[in-house]
Amino acid sequence: MLKVKDLRTGYNGGEIVHGISLEVPDNQIVAIVGGNGAGKSTLIKAITGLIPIMGGEVEYNGEKLNGLSSDKIMQKGICLVPEGRQLFPNMTVDENLDIGSCTKEAHQRRQENKEKVFKMFPRLLERRKQLAGTLSGGEQQMVATARALMSNPKLLIMDEPSWGLAPILVAEMFQTIEDIRASGTSVLIVEQNVGKTLSMADWGYVIENGVVVMQDVGKTLLQDEGLKKAYLGI
């Protein structure tokens, strides 16, 4: 289980996240939603070791993660699917996936894991020798997600996975997230697609200006009139 306690973080000494606390239990989907500039991506960058923590604590299965590098955090079983995919465009799909199996255990299970992700994303099997930079946006998101799954994560953190996708591909991506949870991997998702995200989330946090302003079961949050007006245009 991931526990974040009173986390403060930001950039160049400027604080953007002001004392956020949240939990991600085993085998659950937890959503973080909010508008642009709310601090969502900054929060998960601190959790995954990409930026320093200014205050508070991050624990995973009782072990403190503060001060650990992103690769050390990945070895603990936490992997990030970054916003914008961040693939290696001049490498093939196969090569991008191989990069994901960077821990000792994942390297030993590379072929087994690759068969699993190809079963989850059959289109990638068809394009495994194609350069990642030549794929469509939806296919690139599949590669980014599959690359993260190659590391055998116990917790998958996804930053705006529906960004830039056509509506039909958005539906596919959210189904994939539910399939990932069903396979035994917890998911922490940051998304601006509030409706779809909260409708499938076991628990959701609404962030504004670097603080949590609401939290509840995802579907319960969707019934809140203030949230509907602010994020769903209802």
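Model, not experiment: these values are computed from the prediction. (Residues numbered from 1 in each chain as written. Predicted model: local features only at pLDDT ≥ 70, side-chain atom pairs only at ≥ 80, totals over all residues. Heavy atoms only, no water.)

K.L.:
What is the right way to look at the overall build of the protein chain in this model?
P.N.:
In terms of regular secondary structure, the protein chain is built from 11 helices and 10 strands. For 234 residues, the compact-globule formula gives about 17 Å, and the C-alpha radius of gyration of the protein chain, at 17 Å, lands near that figure. Principal-axis analysis of the C-alpha atoms places the extent of the protein chain at approximately 45 × 40 × 30 Å. Looking at the protein chain residue by residue over its 234 residues, the buried ones come to 47%. Accessible surface, the protein chain as shown: approximately 10,700 Å² in total, 49% of it carbon and sulfur. The distance from the centre of the 26 positive side-chain charges to the centre of the 28 negative ones in the protein chain is 4 Å. (Helix = DSSP H or I, 4+ residues; strand = E, 2+ residues; numbered from the N terminus. Rg over C-alpha atoms; globule rule 2.2 N^0.38 Å. Buried < 20%, exposed > 50% of the residue type's maximum accessible area, 1.4 Å probe, protein only. Areas by Shrake-Rupley, 256 points an atom, 1.4 Å probe, with all protein chains shown as cover. Lys, Arg positive; Asp, Glu negative; His and termini not counted. Charge placed at Lys NZ, Arg CZ, Asp CG, Glu CD.)

K.L.:
What am I meant to see in the nonpolar core here?
P.N.:
Most often, soluble globular proteins have nonpolar side chains that are buried together. Membership of the largest hydrophobic core comes to 40 residues, with the highest contact counts inside it found for Leu124, Leu156, Met158, Ile177, Ile189 and Leu198. Beyond its immediate stretch of four places on either side in the chain, methionine 158 contacts Val81, Thr145, Met173, Ile177, Val187, Leu188, Ile189 and Val190. Judged by nonpolar contacts, the second largest core, of 26 residues, contains Leu43, Ile73, Ile78 and Val190. (Core = buried A, V, L, I, M, F, W, Y, C linked by side-chain atoms within 4.5 Å. Contact = heavy atoms within 4.5 Å.)

K.L.:
Teacher, can you tell me more about the sheet that holds strand S10 (residues 211-216) here?
P.N.:
Hydrogen bonds between backbone atoms are what pair the strands of a sheet, whose relative direction is either parallel or antiparallel. Ordered by their spatial adjacency, 6 strands build an open sheet running S6-S7-S8-S3-S9-S10, and the pairing between neighbours is mixed. In the strand order of this sheet, the two ends are held by strand S6 (78-81) and S10, each with one partner. Going across the sheet, the axis of each strand differs from the next one's by a mean of 20°, ignoring polarity. With 5 bridges joining them, strand S9 (residues 203-208) and S10 adopt antiparallel strand pairing. Residue pairing in the sheet places glutamate 208 in a bridge with valine 211 of S10. Lying over the sheet, helix H1 (residues 40-47) contacts strand S3 (29-33), S6, strand S7 (155-159), strand S8 (186-191) and S9, oriented at roughly 145° with respect to S8. (Pairing = 2+ DSSP bridges. Axes fitted to C-alpha atoms, helices over the stretch in contact; angles between N-to-C directions.)

K.L.:
How should the pairing of strand S2 (residues 14-24) be read in this particular structure?
P.N.:
The two faces of the sheet receive side chains in turn, since in a regular strand these alternate between them. Alignment of strand S1 (residues 2-11) against S2, held across 8 bridges, turns out to be antiparallel. The partner of glycine 10 across the bridge, within S2, is glutamate 15. Hairpin connection of S1 to S2: 2 residues between the antiparallel strands, including asparagine 12 at a positive phi of 50°.

K.L.:
What exactly am I supposed to notice about the sheet that holds strand S5 (residues 63-64) here?
P.N.:
As summarised here, the arrangement of the 4 strands in space is S2-S1-S4-S5, forming an open sheet in which the pairing is antiparallel. Whereas interior strands pair on both sides, the edge strands pair on one side only; in this sheet they are S2 and S5. As judged from the 2 bridges shared by strand S4 (residues 53-60) and S5, these two strands associate in the antiparallel manner. Each residue of the ladder has a partner; that of glutamate 59, found in S5, is lysine 64. Contacts between H1 and the sheet are confined to S1, S2 and S4, with S1 contributing the most and set at about 115° to the helix.

K.L.:
Would you mind going over the side chain of threonine 185 with me for this structure?
P.N.:
Examined against the element boundaries, threonine 185 turns out to sit in the loop between helix H8 (167-182) and S8. From its side chain, threonine 185 meets the backbone oxygen of proline 153 in a polar contact 3.3 Å long. Once residues within four sequence positions are removed from consideration, threonine 185 is found in contact with Asn27, Pro153, Lys154, Leu155, Leu156 and Ile180. (Polar contact = N/O pair within 3.5 Å; in protein donor to acceptor, adjacent residues only side chain to side chain.)

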